Amino acid sequence: ARAAFQQALRLGYDQAQTYLGLGRAYRGAGQQDAALEIYRQVLAKDLASATDEVYAALGMDLLSLGQTDEAVQACRKALQKNEHHWAAQVTWGKSLYLQGNFQEALSHFRQAMSLHPNSAAQFGLGLVYLRAGQVEEARRAYAEGVKNFGAPEAEKIGAVEDLKALLKEGIQAAEARALLEAYWK
């Protein structure tokens, strides 16, 4: 993959999508450090070819590598190119949640919902509310999520695992258990 990438650069194909593809190839091969190096190049180069979609995808990939600050940076760039990019709002919200910045995370999840109602933002709201101790709001958010998107969708996107993680960590454990029992028996 590295040789093909270098050949593409020699041919003048310095495109953001090429970098993203190489980073994903490295990730697929289990070379997380190499992928991270490539992703950082995309952020640093600020390529004209980097669209909102590229930056949003980059944000998701960086988040999955645990790089919350850089994921936020990528999402910010995606939203500069397209302020209506709801997926970038979701990724930004998840990154902020992981950083413990619950109020800002709520803001990004709400913005994502206003742009495009989706399960990740809805269950993200529930998780942040619960983690922040706003139990009634969390219950409403989870109930609305299950009603609008379904319990299987919550499992598919990792919302159930998020609740199990809170339970395991002893954070809002009783309420996390009650939500799990109510919707995912």
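Look a little higher up for the structure.
About the cut-offs
Residues numbered from 1 in each chain as written. Predicted model: local features only at pLDDT ≥ 70, side-chain atom pairs only at ≥ 80, totals over all residues. Heavy atoms only, no water. Helix = DSSP H or I, 4+ residues; strand = E, 2+ residues; numbered from the N terminus. Buried < 20%, exposed > 50% of the residue type's maximum accessible area, 1.4 Å probe, protein only. Contact = heavy atoms within 4.5 Å. Areas by Shrake-Rupley, 256 points an atom, 1.4 Å probe, with all protein chains shown as cover. Lys, Arg positive; Asp, Glu negative; His and termini not counted. Charge placed at Lys NZ, Arg CZ, Asp CG, Glu CD. Salt bridge = Lys/Arg side-chain N within 4 Å of Asp/Glu carboxyl O. Core = buried A, V, L, I, M, F, W, Y, C linked by side-chain atoms within 4.5 Å. Polar contact = N/O pair within 3.5 Å; in protein donor to acceptor, adjacent residues only side chain to side chain. Expected span 1.5 Å × (residues − 1). Arc of directions from axis to C-beta.

1. Notes on the overall build of the protein
Alright, step 1. The number of helices and strands found in the protein is 12 helices and zero strands.
Alright, step 2. Ordering the α and β elements of the protein from the N terminus gives α-α-α-α-α-α-α-α-α-α-α-α.
Alright, step 3. Along the three orthogonal principal directions, the C-alpha set of the protein runs to about 60 × 30 × 25 Å.
Alright, step 4. Put simply, the protein has 185 residues, and 48% of those count as buried.
Alright, step 5. At a minimum sequence separation of 6, the contacts of the protein that also span at least 24 residues come to 52%.
Alright, step 6. On the protein, roughly 9200 Å² of surface is accessible, and the fraction owed to carbon and sulfur atoms is 48%.
Alright, step 7. Separation of charge centres in the protein, based on 20 positive and 21 negative side chains, amounts to 2 Å.

2. Overview of the pattern of salt bridges
Alright, step 1. Under the counting rule described, the total for this entry stands at eight salt bridges.
Alright, step 2. Among the ionic pairs, Arg 24 bridges to Asp 61, the shortest N-O distance being 2.7 Å. Here the residue Arg 24 occupies a position in helix α2 (residues 16-28), and Asp 61 occupies one in helix α4 (residues 52-64), the gap between them amounting to 37 residues.
Alright, step 3. Judged by its relative accessible area of 6%, Asp 61 is buried.
Alright, step 4. Where Glu 153 meets Lys 156, a salt bridge forms, and the shortest distance between an N and an O atom there is 3.9 Å. Taken together, the residues span about one helical turn, with Glu 153 and Lys 156 both in helix α10 (residues 151-157) at a distance of three residues.
Alright, step 5. Judged by its relative accessible area of 22%, Glu 153 is partly exposed.
Alright, step 6. Overlapping salt bridges bring together Arg 24, Arg 27 and Asp 61 as one network.

3. Some thoughts on the nonpolar core
Alright, step 1. Membership of the largest hydrophobic core comes to 62 residues, with the highest contact counts inside it found for Leu 58, Leu 62, Leu 130, Leu 163 and Trp 184.
Alright, step 2. In terms of residue count, the dominant contributor to this core is helix α8 (residues 119-131) (eight residues).
Alright, step 3. Once you skip the residues sitting within four places of it in the chain, Leu 163 turns out to touch Leu 130, Tyr 142, Ala 176, Leu 179, Leu 180 and Trp 184.

4. With respect to the environment of Ser 49
Alright, step 1. Its location among the elements puts Ser 49 in the loop between α3 (32-45) and α4.
Alright, step 2. It is 19 Å that separates the C-alpha atoms of Ser 49 and Glu 37, two residues lying 12 residues apart in sequence.
Alright, step 3. Of note is the side chain of Ser 49, whose polar atom sits 3.5 Å from the side chain of Gln 15.

5. Concerning helix α9 (residues 135-149)
Alright, step 1. An ideal rise of 1.5 Å per residue puts 21 Å on 15 residues; α9 measures up with 21 Å between its terminal C-alpha atoms.
Alright, step 2. Among the residues making up α9, those that are buried are Val 135, Ala 138, Ala 141, Tyr 142, Gly 145 and Val 146. Burial along α9 is one-sided: seen end-on, the buried residues are contained in an arc of 130°. Along α9, exposed side chains directed more than 90 degrees from the buried face belong to Arg 140 and Lys 147.
Alright, step 3. Elements in contact with the buried residues of α9: α8, α10, α11 (159-169) and α12 (173-183).
Alright, step 4. Phi for Gly 150, located one or two positions after α9, is positive at around 95°.

6. Details of the side chain of His 85
Alright, step 1. Tracing the chain through its elements places His 85 in the loop between α5 (68-81) and α6 (86-98).
Alright, step 2. The exposure class of His 85 is buried, given its relative accessible area of 7%.
Alright, step 3. There is a polar contact of 3.0 Å between the side chain of His 85 and the side chain of Glu 53.
Alright, step 4. When sequence neighbours within four positions are dropped, the list of residues in contact with His 85 reads Asp 52, Glu 53, Ala 56, Leu 79 and Leu 115.

So far we have only geometry, and geometry alone does not tell us how the molecule works.
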